[in-house]
Amino acid sequence: MRLFVALEIPTEVRDSFAALIKELRAADSSFSKNRARWVRPENLHVTLKFIGHVDSGKLDGIRAALAEVRSSRVDLRFRGLGFFPNGRRPKVLWVGIEASPNLAPLASAIEARLGKLGILGETREFAPHLTLARFDPPGISEGLSAIVQENVAREFGAVASGEFHLFESKTKPTGAEYTRLESFPFARAEA
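Residues numbered from 1 in each chain as written. Predicted model: local features only at pLDDT ≥ 70, side-chain atom pairs only at ≥ 80, totals over all residues. Heavy atoms only, no water.

A. View of the nonpolar core. Formed by 49 residues in total, the largest nonpolar core has its most connected members in F78, L93 and F164. If sequence neighbours within four positions are ignored, F164 has contacts with V5, A6, L7, L48, L66, V69, L106, I110, E182, S183, F184 and F186. (Core = buried A, V, L, I, M, F, W, Y, C linked by side-chain atoms within 4.5 Å. Buried < 20%, exposed > 50% of the residue type's maximum accessible area, 1.4 Å probe, protein only. Contact = heavy atoms within 4.5 Å.)

B. Layout of the pairing of strand β1 (residues 2–8). When you tally the buried positions in β1, you get five out of seven residues, the bulk of the element. As paired strands, β1 and strand β3 (residues 45–53) are joined by seven bridges and run antiparallel to one another. Residue pairing across strands places V5 opposite K49, the latter belonging to β3. In this structure, β1 lies alongside strand β8 (residues 163–172), joined through four bridges in antiparallel fashion. Bridge pairing in β8 places L3 opposite E168. (Helix = DSSP H or I, 4+ residues; strand = E, 2+ residues; numbered from the N terminus. Pairing = 2+ DSSP bridges.)

C. Region of interest: the packing of helix α2 (residues 59–67) against helix α3 (residues 103–115). The N-to-C vectors of α2 and α3 enclose an angle of 140 degrees; their axes lie 9 Å apart at closest approach. When the interaxial angle is binned, α2 and α3 end up oblique. Viewed along their axes, α2 and α3 form a crossing whose handedness is right-handed. Residues I62, A65 and L66 of α2 form the contact with α3, whose own contacting residues are I110, R113 and L114. Split into classes, the residues belonging to the contact of α2 with α3 amount to five nonpolar, no polar and one charged. (Axes fitted to C-alpha atoms, helices over the stretch in contact; angles between N-to-C directions. Parallel < 35°, antiparallel > 145°, perpendicular 65-115°, else oblique. Left-handed = near helix turned anticlockwise from the far one by under 90°. Nonpolar A, V, L, I, M, F, W, Y, C, P; charged D, E, K, R; others polar.)

D. Looking closely at the pattern of salt bridges. Scanning all chains against the criterion turns up 11 salt bridges. In this structure, the salt-bridge partner of E42 is R40, at a minimum N-O distance of 2.8 Å. Across the salt bridge formed by D75 and R73, the nearest N and O atoms sit 3.2 Å from each other. Looking at D75, the relative accessible area reads 30%, which means it is partly exposed. Note on R73: relative accessible area 35%, which makes it partly exposed. When salt bridges with common partners are traced through the structure, they connect R77, R79, E98 and E155 into a single cluster. (Salt bridge = Lys/Arg side-chain N within 4 Å of Asp/Glu carboxyl O.)

Encoded structure:
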């Protein structure tokens, strides 16, 4: 099984991204050297921990570890577009996330609980974002670059969440398919 832990995106925010992706794809469609892989809007999520491939026998332990994680509600605001590693030879097009201060500690708590099961930790610092597209080879059209520059500070919506989800990812010829296996409330109800 290939697993990850994530926060879901509300429908109204997802719809905003679906319209944006449609516009960006159209602007990039004539760039023949570019092999953009666009994320399907229904697959957009905020990854807290990529677990990777694990034996299905570990699933109960993973569920138990995730059920122990606690934090306060997380507030996220989706804002701006950018590229990893840079705009000259981009590999990834992303949407930025402005988050409440407890998002990174929540991701660390998930990682710590799963680390006790032997699941390897991340080597990179936690950097919340939504991936819209991956480019292989790196590079984009001038039209796509211009639209990204026009939207560098655009607001796409917000979410407040008190639960995260364990997903299974299956690779299919039509792209990745995600199945929510379980949801984990991590925040106490706020008065």
